[in-house]
Amino acid sequence: MNTNSQAKSLALFCKVVDNFGDIGICWRMARQLQQEHGIVVTLWVDDLRSFQRICPQVTTDTEIQEIAGVTVMHWRDQQGSFTVADIADIVIEFFACDIPPNYIQAMAKCEPRPVWLNLEGLTAEEWVEGCHTLPSPHPSLPLTKHFFFPGFNSKTGGLLREARLDSERTAFQSDPEAMTAFLQQLGLTEAEISNTKVSLFCYPHAPVADLLAAWQSADTPVTCLVPEGVAAEAVETYLGQAAKAGASVIHGGLTVRVLPFIPQTDYDKLLWACDINFVRGEDSFVRAQWANRPFIWHIYPQDKNLHHKKLNAFLKTATSATTSLAALSHAWNAVSHSPLDWTEIWQDFQVDLPEIARLSGIWQEKMQENGDMTSNLLKFVNAVKVASQKDAV
């Protein structure tokens, strides 16, 4: 259902900082806006190569292209001339990226003026509850920007989630043959499928070698599925060969298999098919919330270890964060520099897995109660429009 009958068009500006997380979120949101709400979406992206890895239909040498009903613009620089006719009803800058000054100048000439939002990064820290939807008047133009924070409770914007996601996941996870066929398409053997399956998506500085060593000596066999290009140095060292898609090796109880970098829809299925998911940044982190599987978050590093504060805020909030999950999360994110016994950390986590899986389902239901971020955002846009119309009377 279209929750906003007034806003017909939207411009979403995305500067790719975290390789795939930024564009991953923006691409999912753009498609949902177009497909579920009938909004005409223009997605401005500065890095088409990163975009292409999660959406193979993207061509990297095209200035303007249409993909899945969304107009994709190659955002090369801050130059360009814009008229009132070029301005969308809703303008979103993702994660405080600076949109072209001339676009802002044209926004100020519109009547009525567009709703301008800064879509912020996801965090469980309590301070966002006081900043969510706050206005920020432009210092010299008759424009007001509002901050919109995704989050984990009703005082924030919720999490990105498409209308059919839950039913599609349930149908897939209820069909063992479909899951097996999907994994076989990725090259897995029957033995690899029967093991504890772990998807591994992390930043290069993750202590991958320590975790692989713990899995190699674990009582329960593990199949580690890692996308090509992820933790490449550690994976190549373990494989003893180039970490190209299709490469695999078995050492002890551990099989490591390198997967091709797959489109977003297939990545969702990978999360659904695995028993445990190691995810990173924001996009895969959000998708892990909806996979109904235990997951470990590798958080994007920040100066002065501010990311550790964000990690602890989430662990404190999430009902699925048992003591063993928190311990593994802290080790994975180097919260402590003390010597670690990775074998013990993994064993404790493995013992807790049934309980963590149960709590993960409860956490997912709790997140669903907050509504989905895109619909919540459009409701807020409509409220801003109604308020501005009353002010104009």
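Our subject is the structure that appears above.
Reading the values: rules and limits
Residues numbered from 1 in each chain as written. Predicted model: local features only at pLDDT ≥ 70, side-chain atom pairs only at ≥ 80, totals over all residues. Heavy atoms only, no water. Helix = DSSP H or I, 4+ residues; strand = E, 2+ residues; numbered from the N terminus. Buried < 20%, exposed > 50% of the residue type's maximum accessible area, 1.4 Å probe, protein only. Contact = heavy atoms within 4.5 Å. Lys, Arg positive; Asp, Glu negative; His and termini not counted. Charge placed at Lys NZ, Arg CZ, Asp CG, Glu CD. 1 Å grid on protein atoms, 1.4 Å probe; cavity = no way out; pocket = protein on both sides within 12 Å on 5 of 7 lines; lining within 4 Å. Points joined across faces, edges and corners; volume = space filled by probe spheres on them. Nonpolar A, V, L, I, M, F, W, Y, C, P; charged D, E, K, R; others polar. Arc of directions from axis to C-beta. Core = buried A, V, L, I, M, F, W, Y, C linked by side-chain atoms within 4.5 Å.

Draft legend 1. Representation of the overall build of the protein in the model. When its secondary structure is counted, the protein shows 15 helices and 14 strands. Along the longest, intermediate and shortest principal axes, the C-alpha atoms of the protein span 70 × 40 × 40 Å. Taking all 393 residues of the protein together, the buried fraction comes to 55%. Nonlocal contacts in the protein, meaning residues at least 24 apart in sequence, comprise 68% of its contacts between residues at least 6 apart. For the protein, the distance from the average site of its 30 positive side-chain charges to the average site of its 45 negative ones is 6 Å.

Draft legend 2. Molecular detail of the environment of Q347. Here Q347 shows up in helix 14 (residues 342-368). Placed 133 residues apart in sequence, Q347 and A214 show a C-alpha to C-alpha distance of 8.7 Å.

Draft legend 3. Empty space enclosed by the protein, seen in detail. Summed over the entire model, instances satisfying the criterion amount to three cavities of 30 Å³ or more. A volume near 200 Å³ is recorded for the largest cavity. Lining the largest cavity we find 16 residues, and of these F20, I54, F201, Y267 and D283 sit closest to its centre. Looking at the lining of the largest cavity, the elements that each hand over two or more residues are helix 1 (21-37), helix 10 (264-273) and helix 11 (283-289). In the lining of the largest cavity, the residues fall into eight nonpolar, four polar and four charged. Estimates place the volume of the second largest cavity at around 50 Å³.

Draft legend 4. Molecular detail of helix 9 (residues 232-239). Taken together, the buried positions of helix 9 are V235, Y238 and L239. When helix 9 is viewed along its axis, its buried side chains cluster within an angular range of 95 degrees and face the same direction. Of the exposed residues in helix 9, those oriented more than 90 degrees away from the buried face are E233 and T237. Each element contacted by the buried residues of helix 9 is listed here: helix 8 (208-216), strand 10 (222-227), strand 11 (248-251) and strand 12 (254-259). One or two residues past the end of helix 9 sits G240, with phi positive at roughly 75 degrees.

Draft legend 5. Representation of the nonpolar core in the model. Core analysis: the biggest nonpolar cluster contains 116 residues, and F51 and F278 have the highest contact counts within it. Take this core: its biggest share by element is eight residues, from helix 14. With sequence-adjacent residues up to four places away left out, F51 is seen in contact with I23, W27, L43, V45, V58 and V72. If you look at the next biggest cluster of nonpolar residues, it comprises 20 residues, including A11, M73, V91 and I104.

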